[in-house]
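# Observations on chain architecture
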Amino acid sequence: MSFSGKVVIVTGASSGIGAAVAVMFCKEGASVALVARNEKKLMDVSVKCSLVGGKHIIIKADVSNDEDAKRIISETVTKFGQLDVLVNNAGIIAFGSILEGTILETYDKIMKINLRAIVHLTMLAAPHLVKTKGNIINISSIAGSIVVDSFFSAYCCSKAGLDHFTRSTAAELAASGVRVNAISPGPVVTDIFDNAGFTPDLVSKLQTPLGRVSQSEEIADLILYLASDKANGITGSNIVSDNGCMLHMLK
Ligand SMILES: NC(=O)c1ccc[n+]([C@@H]2O[C@H](COP(=O)([O-])OP(=O)(O)OC[C@H]3O[C@@H](n4cnc5c(N)ncnc54)[C@H](OP(=O)(O)O)[C@@H]3O)[C@@H](O)[C@H]2O)c1
């Protein structure tokens, strides 16, 4: 799956799924903009990108900051001349309780990063994607379709909103030849729970019907497939890769 001559933005490229897909795009010949806030972690991923020979730039930015969002798009297009793929992957999780009165603060914090930032980046990237007939991949979660834990309601809402934003955007941009899809992972071994202050290594202890949890590279493989010409007929879809977790709905 060559991405030679293609320009890709990956948000949340400093760890987990974003880091894995950034390296993979570089390996396949794309020019990649690595976006996140933690410069040290971005540098570590940059070294991995260099090892596979990919052209890339680091953009230290907070996706939820409007000026940073503009800079993400403008720096990428200035450096590489175009934009073919936007991977909206940056995301956070956080607990919020209705009865303890913490839900509103959590909701605002999560929505700003997990949904509003994606709406903004999509709007800013769309004119460039129309020129290249490019595509967008939004990293959602099975939490957008099922309730994973009542204290995760803000996170679940952000991903449910993202699922519908994916479909709506796909509908609007289809006539311009731009595809928009989502991927909904189940548990993936990344830093996400540690970053949110939960038990280290929590994900690897979770039970799934297939008796395994995913590695970031499995999700990265799906992202590359959806971004490639092989998926030219796919838009408005939400591809689930969850080791069977959603099957619990049928029990
Ligand atoms: N891991 C799972 O089990 C799982 C399951 C379903 C869905 N997902 C989704 O997968 C996506 C990637 O998560 P992950 O599991 O790979 O977690 P991760 O290892 O914690 O990575 C999250 C990335 O998002 C970046 N990020 C967070 N807030 C940001 C902001 N305001 N501006 C810029 N970058 C920001 C982080 O970088 P900095 O901290 O350096 O900014 C980091 O690179 C998320 O959208 C998550 O909801 C994960």
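Further up the page is the structure itself.
Residues numbered from 1 in each chain as written. Predicted model: local features only at pLDDT ≥ 70, side-chain atom pairs only at ≥ 80, totals over all residues. Heavy atoms only, no water.

Turning our attention to the site of the ligand. In the vicinity of the ligand there are 30 residues, among which Ser14, Ser15, Arg37, Tyr155 and Thr190 approach most closely. At 2.9 Å from an oxygen atom of the ligand is found a main-chain nitrogen or oxygen belonging to Ile17. A distance of 3.4 Å is found between an oxygen atom of the ligand and a backbone nitrogen or oxygen belonging to Ile192. In isolation the ligand offers 880 Å² of accessible surface; the protein chains occlude 95% of this area. Secondary structure elements with two or more residues in the shell around the ligand: helix H1 (16-27), helix H5 (153-174) and helix H6 (192-195). Partitioning the shell around the ligand into residue classes produces 14 nonpolar, 12 polar and four charged. (Near = heavy atom within 4 Å. Polar contact = N/O pair within 3.5 Å; in protein donor to acceptor, adjacent residues only side chain to side chain. Areas by Shrake-Rupley, 256 points an atom, 1.4 Å probe, with all protein chains shown as cover. Helix = DSSP H or I, 4+ residues; strand = E, 2+ residues; numbered from the N terminus. Nonpolar A, V, L, I, M, F, W, Y, C, P; charged D, E, K, R; others polar.)

With five of five residues buried, strand S1 (residues 7-11) is to be regarded as a mostly interior element. Of the two faces of S1, the one lined by Val7, Ile9 and Thr11 and the one lined by Val8 and Val10 are each fully buried. Inspection of the sheet shows S1 paired to strand S2 (residues 31-36) by five bridges, in the parallel sense. Residue pairing in the sheet places Ile9 in a bridge with Ala33 of S2. (Buried < 20%, exposed > 50% of the residue type's maximum accessible area, 1.4 Å probe, protein only. Pairing = 2+ DSSP bridges.)

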